[in-house]
Amino acid sequence: DSIGESYIFGTVDKAWDGSGGDLDLTVTTTGMATITFTMLLQRFVSFSPEFQAAYEAKVAEWVLSETGDHISSIKIRGGDGGKGSGNIPGSPESAGTPGLIWPKQDTDHPGLFLIETRIACMSAEQMLEVRDALLALTADSASTAFGIFKTGSDSMQRPGVLQIQQPPVSDPVLLYENVQDEEYDDNYNVTMYIGGGSGSASDHEVAHEMHMHWSWAKCCGDGFILGPMPNTPYTVHFAVGDYSGLSEFKIGTYSYEKETMGYYTMPISHATMEYGGVLIEGGTLTDYCQAMYHLDDFLSTETQCNACADDPKCQYAPLNGGCISIYAYVPDFGCPRQAISPEIKLYSRTGSAAAADGIYENSTRVVRVKLTDKLDGEDFVMTCPCNVQYRLHLVVYDAQTMEQVFMTSDIAPRLDHPYTFIDVPCTVPGRKYYYYVYNCYHQKDAGGSWDDCSRPAIAIDITDYSPPSPPPFPPPFPPPPPIVPPPAPPPFPPPSTPTPAPPPMPPAPPAPPPFPPSPPAPPPSPHSRPSTSTCASARARACSASYSAPAASSSMISAAHAGTCLASFSAPAISCSHSLSKVGAVSPPYDEASAETAARPRRIGRRPEPAE
């Protein structure tokens, strides 16, 4: 449970499985250590949560003063032992639930109430000591011992305990379903034997014998709880008597590793006395280890030691009785101190080594340790139990300052492998370090491997500047699915509706009349240059080739072309005129106005004048 106590929980049949039934069961226990006493309290006592906590503390102190030992736990419940039917009018308690009986229900003492105190001792011997002390208590001494009294106005202390019922009862049953139920005739009784009684093995052993009977319908089931179990050895024996509606007897225990219940199932007939019943034995871990790994069951001490050491609950102590509890303190295993140093080598985790040994995010260097056994007379003792007690101790120092930068201890070497690996985190690249490795014995009292060590193995090392990165570990499994490219997005921008073509340009105005015809040219002279008409025709051809414009051109474009043509070929015209004058050609009479008009380009088409 939540405070570390263990119980035996029994379930009789399952509800709504289609069958009812009956069962007679005899349970015999040894070593159980519970004792119960009942007190009737005075009217002025108010049983509040604060009073209950203070009362429990007083009972624990009283037991410690009487026996010299602590107790396991204390449980307080109503005077009927929490075993009532739960049908009492006004009672908040359900059937079988521990709690207080309301005072108005105590018909023998109206206004008063009973409390039942159940003490779980550490052992049956302590329980007997508490039982003898309870037999000597009176109402007054119990009031003083447990702090239950009232101080009146006259400063007189009045005892709060009106009556303590004798003798105290020892009952291993914590909860019994439907006790003394008249409808189904459920009942049980318990008898305690001390020394020489049923199932006892010595005069100081306590035994209990319980006879239980259940009857149930198909809607329901029954059961019980025994405990808490003591810290000393105990036994619980079940013997099935008459039964109906049942077919199996199951023994289950909780697995902390699997976090579930596991069961061993047998026919219910095998749990009868004809077959000897079912026996459960409990005790300390040392009892378990001694019983499981007894020397008589093995061929040699070495095989016994190895089997014991492989059990995580046990350890082998040759000087302290052999296989004992792992929690027991062993000062000496009879192993000599190691005279030689382990072998060490430093490297970094890379490639397959990182994949094989795992990834250590902060690992900058790895120390590989080997416990050599090659030297005669000075080798490590590799036999049990010495080899299982070895622990490696590593200290790393800065070579410049000799300050400790890293330490780890209590590392168990891998006995089934040649090497043990120790990762060193966060060393600075390029800096020098000293590595000291010791092989020590496991010292539980000191919290680690701090004593009885070998000579150190020393290595000087400079951390690499760029250790290679390890591969990913573990490898991806299963392989990732292939990458499927997403579908192509629609064209952007989306196609738009074509715009209508612009209207055609208006037709060009009619072409202007040609220039006035030139006067006829005189016949050419064999020594003269080309005539003006020859130049004019050349100009016309060049102008036509260079500045031919579509018919749809505007008048302004035509005028510009014409002006350009005239400007481009004005020099040849002048050259022609000079040539003609030299050969004596007759020129028309010179008119200044006409000459100016002919020399200026003529505008083709006139822009209308703006209106006034």
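Predicted model, so just to flag it, every value in this text is computed and none were measured.

**Some details on the state of the cysteines**
This structure, assessed with the given rule, holds five disulfides. Bridging Cys 289 to Cys 314, the disulfide has an S-S length of 2.0 Å. Linking Cys 289 and Cys 314, the disulfide has an S-S dihedral of approximately -90° and is accordingly described as left-handed. Separated by 25 residues along the polypeptide, Cys 289 in helix α4 (residues 285-292) and Cys 314 in strand β17 (residues 314-317) bring together distant segments of the chain. Covalent S-S linkage joins Cys 305 and Cys 384, the inter-sulfur distance amounting to 1.6 Å. Taking the torsion about the S-S bond as the criterion, the Cys 305 to Cys 384 disulfide, at about -65°, is left-handed.

**A short note on helix α5 (residues 301-310)**
Owing to its 3.6 residues per turn, the α-helix aligns residues three or four sequence positions apart on the same side. For α5, the full list of buried residues reads Gln 304, Cys 305 and Cys 308. Axial view of α5: buried residues confined to an arc of 100°, hence all on one face. Here the buried face of α5 lies against β17 and β18 (322-325).

**What about a negative patch on the surface?**
A cluster of acidic residues, Asp 69, Glu 125, Glu 129 and Asp 132, forms a negative patch at the surface. Assignment of secondary structure puts Asp 69 in the loop between α1 (49-67) and β4 (73-78). Looking at Asp 69, the relative accessible area reads 42%, which means it is partly exposed.

**A closer look at a nonpolar patch on the surface**
On the surface, Tyr 254, Tyr 256, Met 261 and Tyr 263 cluster together into a nonpolar patch covering about 520 Å² of accessible area. Tracing the backbone through its elements, the reader meets Met 261 in strand β15 (residues 260-267).

**Points about unusual backbone geometry**
Here Gln 166 and Pro 167 are connected by a cis peptide whose omega angle stands at -5°. Inspection of the secondary structure assignment puts Pro 167 in the loop between β8 (161-164) and β9 (173-176). In this structure, the amide linkage connecting Cys 384 to the following residue, Pro 385, adopts the cis form with an omega of 10°. On the secondary structure map, Pro 385 appears in the loop between β20 (363-370) and β21 (390-398). Positive phi, close to 55°, is recorded for Glu 259, a residue that is not glycine. Relative to the helices and strands, Glu 259 is located in the loop between β14 (248-255) and β15. Phi at Cys 426 takes a positive value of approximately 65°, unusual for a residue other than glycine. Exposure remark for Cys 426: the relative accessible area of 59% places this residue in the exposed category.

**Re the confidence of the model for the protein chain**
If pLDDT is low for a region, its predicted coordinates should not be looked at in detail. In the predicted model, the protein chain carries a mean pLDDT of 74, and the fraction of residues at 70 or more is 64%. Taken as a whole, residues 531-536 scores under 50 in pLDDT and shows six contacts with residues more than four places along the chain or in a different chain. Taken as a whole, residues 592-599 scores under 50 in pLDDT and shows one contact with residues more than four places along the chain or in a different chain.

**Quick look at empty space enclosed by the protein**
In total, this model carries two cavities of 30 Å³ or more according to the counting rule given. Lining the second largest cavity are Ala 33, Ser 72, Ala 120, Cys 121, Met 122, Pro 228, Met 229, Pro 230 and Asn 231. Its residues placed into classes, the lining of the second largest cavity shows seven nonpolar, two polar and no charged.

**Details of the packing of α1 against helix α2 (residues 124-135)**
Relative orientation of the contacting elements α1 and α2 amounts to 105°, with a least axis distance of 10 Å. The angle between the axes of α1 and α2 places the two elements in the roughly perpendicular class. Contacts between α1 and α2 involve Trp 62, Val 63, Glu 66 and Thr 67 on the former and, on the latter, Gln 126, Glu 129, Val 130, Ala 133 and Leu 134. Tallied by class, residues from the contact of α1 with α2 come to five nonpolar, two polar and two charged.

**Side note on the nonpolar core**
Inside soluble globular proteins, nonpolar side chains tend to come together where they are buried. Judged by nonpolar contacts, the single largest core of 33 residues is most densely connected at Met 39, Leu 41, Tyr 55, Ile 119, Phe 146 and Ile 148. Every element with two or more residues in this core is listed here: β3 (34-41), α1, β4, β5 (114-120), α2, α3 (139-146) and β8. Here the element with the most residues in this core is α2; it accounts for six residues. Those residues in contact with Ile 119, other than ones at most four positions away along the chain, are Ala 33, Thr 34, Ile 35, Phe 37, Val 59, Val 63, Ile 71, Ser 73 and Val 130. Formed by 26 residues, the second largest nonpolar core is a distinct cluster that contains Val 12, Met 212, Leu 226 and Met 266.

**Here we look at the pattern of salt bridges**
A side chain with one charge may pair with a side chain of the opposite charge, provided their charged atoms come close. A full pass over the atoms with the stated rule returns six salt bridges. Among the salt bridges present, the one from Lys 313 reaches Asp 311, with a minimum N-O distance of 3.4 Å. Exposure remark for Lys 313: the relative accessible area of 36% places this residue in the partly exposed category. Judged by relative accessible area, Asp 311 falls into the buried class, the value being 7%. In this structure, the salt-bridge partner of Arg 365 is Asp 461, at a minimum N-O distance of 2.8 Å. With Arg 365 in strand β20 and Asp 461 in strand β25 (residues 457-462), this residue pair connects regions lying 96 residues apart in the sequence.

**Some points on the environment of Val 130**
Positionally, Val 130 belongs in helix α2. Judged by relative accessible area, which is 1%, Val 130 ranks as buried. Separated by 64 residues in sequence, Val 130 and Glu 66 place their C-alpha atoms 7.2 Å apart. Apart from residues no more than four positions distant in its own chain, Val 130 is found in contact with Ile 35, Trp 62, Val 63, Thr 67, Ile 119 and Cys 121.

Here is what the cut-offs are and how they apply
Residues numbered from 1 in each chain as written. Predicted model: local features only at pLDDT ≥ 70, side-chain atom pairs only at ≥ 80, totals over all residues. Heavy atoms only, no water. Disulfide = S-S within 2.5 Å. Helix = DSSP H or I, 4+ residues; strand = E, 2+ residues; numbered from the N terminus. Buried < 20%, exposed > 50% of the residue type's maximum accessible area, 1.4 Å probe, protein only. Arc of directions from axis to C-beta. Contact = heavy atoms within 4.5 Å. Patch = residues over 30% accessible without salt bridge, like charges linked within 9 Å, V, L, I, M, F, W, Y side chains within 5 Å. Areas by Shrake-Rupley, 256 points an atom, 1.4 Å probe, with all protein chains shown as cover. Salt bridge = Lys/Arg side-chain N within 4 Å of Asp/Glu carboxyl O. Lys, Arg positive; Asp, Glu negative; His and termini not counted. Charge placed at Lys NZ, Arg CZ, Asp CG, Glu CD. pLDDT = per-residue confidence, 0-100. 1 Å grid on protein atoms, 1.4 Å probe; cavity = no way out; pocket = protein on both sides within 12 Å on 5 of 7 lines; lining within 4 Å. Points joined across faces, edges and corners; volume = space filled by probe spheres on them. Nonpolar A, V, L, I, M, F, W, Y, C, P; charged D, E, K, R; others polar. Axes fitted to C-alpha atoms, helices over the stretch in contact; angles between N-to-C directions. Parallel < 35°, antiparallel > 145°, perpendicular 65-115°, else oblique. Core = buried A, V, L, I, M, F, W, Y, C linked by side-chain atoms within 4.5 Å.

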